[in-house]
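Chains, contacts and geometry: an overview
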Amino acid sequence: MTITHHLDAATLMSFAAGSLPSALAAVAAAHVAMCPHCRREVAMLERIGGTLISALAPAQLDHSQPAMPQTTRAASPTPVAAAAGEIPTPLAPLIGGSLDAVAWRWIGPGLRHRRLPLRGEGSLQLIKASPGASVPEHTHGGSEITLVLRGALSDSSGRYGPGDVADVDGDIEHTPVADPEAGCICVIATEAPTRFRGLIARLMQPWHGL
Ligand SMILES: [Zn+2]
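Keep in mind the model is a prediction, meaning the values are calculated, not measured. (Residues numbered from 1 in each chain as written. Predicted model: local features only at pLDDT ≥ 70, side-chain atom pairs only at ≥ 80, totals over all residues. Heavy atoms only, no water.)

1. A closer look at the nonpolar core
- Membership of the largest hydrophobic core comes to 35 residues, with the highest contact counts inside it found for L7, L91, I95, L124, L126, L147 and V187.
- When residues of this core are traced back to their parent elements, those giving at least two are α1 (9-16), α2 (22-34), α3 (36-55), β3 (123-129), β5 (144-151) and β10 (184-190).
- Here this core takes 9 residues from α2, the largest share from any one element.
- Counting residues in hydrophobic clusters, the runner-up holds 14 residues, among them I127, L153, C184 and I188. (Core = buried A, V, L, I, M, F, W, Y, C linked by side-chain atoms within 4.5 Å. Buried < 20%, exposed > 50% of the residue type's maximum accessible area, 1.4 Å probe, protein only. Helix = DSSP H or I, 4+ residues; strand = E, 2+ residues; numbered from the N terminus.)

Structure, rendered in structure tokens:
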């Protein structure tokens, strides 16, 4: 597996601090489990965070509060187990053992999805796109991270294979297209509901909870 698209610096920093919304944190953890480069970045950011706290003089610390907020430590993403197979370890409890055993739901020509159970902020879903199928043009009300698990996806920013992430913010409009031979299965985390454009997409949206 050759990973060429990584989490951006702001996402890695929020992930290391344990402050990403649940859905984005789940996909970030999955990418980090698959990607040695981002694992090194997260380890470095955590060392920097620890050094900053220990460098504070005792008088600067408010002893009524723990040095690191409990909620932050509880949400700390590390240690992240290395991934094996197509489903990264952090997502295995949500997806199950095999992408071939997923109970897909039809949402449009060449497109199926499965919403994943998630507690906390944001939404998480698997998308299965047939060869050459495109996801309707959409914008985001917040951050979105897409992680490819099988096949490939292309948009104006490049080609994304297994392990690659597309980490985009709320202002970008894009129309990803699945690989013409292999199709694509990916997991998408959104901070806010995705807004599709175009009449058919708008008609589909209320019925399929996208
Ligand atoms: Zn990476």
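There is more to say, and it comes next.
2. Things to note about the side chain of D164
- On the secondary structure map, D164 appears in the loop between β7 (158-160) and β8 (165-168).
- Buried charge without a salt bridge: D164, with R159 as the nearest opposite-charge side chain at an N-O distance of 7.3 Å.
- A distance of 2.9 Å separates a polar side-chain atom of D164 from the backbone nitrogen of G161.
- Ignoring anything within four residues of it in the chain, the contact list for D164 reads T2, I3, T4, H5, T146, L147, V148 and R159. (Lys, Arg positive; Asp, Glu negative; His and termini not counted. Salt bridge = Lys/Arg side-chain N within 4 Å of Asp/Glu carboxyl O. Polar contact = N/O pair within 3.5 Å; in protein donor to acceptor, adjacent residues only side chain to side chain. Contact = heavy atoms within 4.5 Å.)

3. Looking at the coordination of the zinc ion
- Protein coordination at the zinc ion comes from H6 (ND1), H31 (NE2), C35 (SG) and C38 (SG), with a distance range of 2.1 to 2.3 Å.
- Given 4 donor atoms and angles of 94 to 124° at the metal, the environment of the zinc ion is assigned as tetrahedral.
- If you list the donors of the zinc ion from N- to C-terminus, the spacing comes out as H-x24-H-x3-C-x2-C.
- Look at C35 and you get buried, because its relative accessible area is 1%. (Donors = N, O, S within 2.8 Å, 3.2 Å for Na, K, Ca; no water. Tetrahedral: all angles 85-135°; square planar, octahedral: opposite > 155°, others 65-115°.)

4. What to know about the sheet that holds β7
- Taken together, the 3 strands give an open sheet; going across it, the order is β7-β6-β9, and neighbouring strands pair in antiparallel fashion. Each having just a single partner strand, β7 and β9 (177-178) make up the two edges of the open sheet.
- Pairing geometry for strand β6 (residues 153-155) and β9, over 2 bridges, is antiparallel. Residue pairing across strands places L153 opposite A178, the latter belonging to β9. (Pairing = 2+ DSSP bridges.)

5. Examining the sheet that holds strand β1 (residues 105-108)
- Taken together, the 6 strands give an open sheet; going across it, the order is β1-β2-β3-β10-β5-β8, and neighbouring strands pair in antiparallel fashion. One side of each edge strand has no neighbouring strand; the edge strands of this open sheet are β1 and β8. The average undirected angle you get between the axes of adjacent strands in this sheet is 25°.
- Pairing of β1 with strand β2 (residues 111-115) involves 3 bridges; the strand directions are antiparallel. Bridging from a neighbouring strand, R105 pairs with H113 of β2. (Axes fitted to C-alpha atoms, helices over the stretch in contact; angles between N-to-C directions.)

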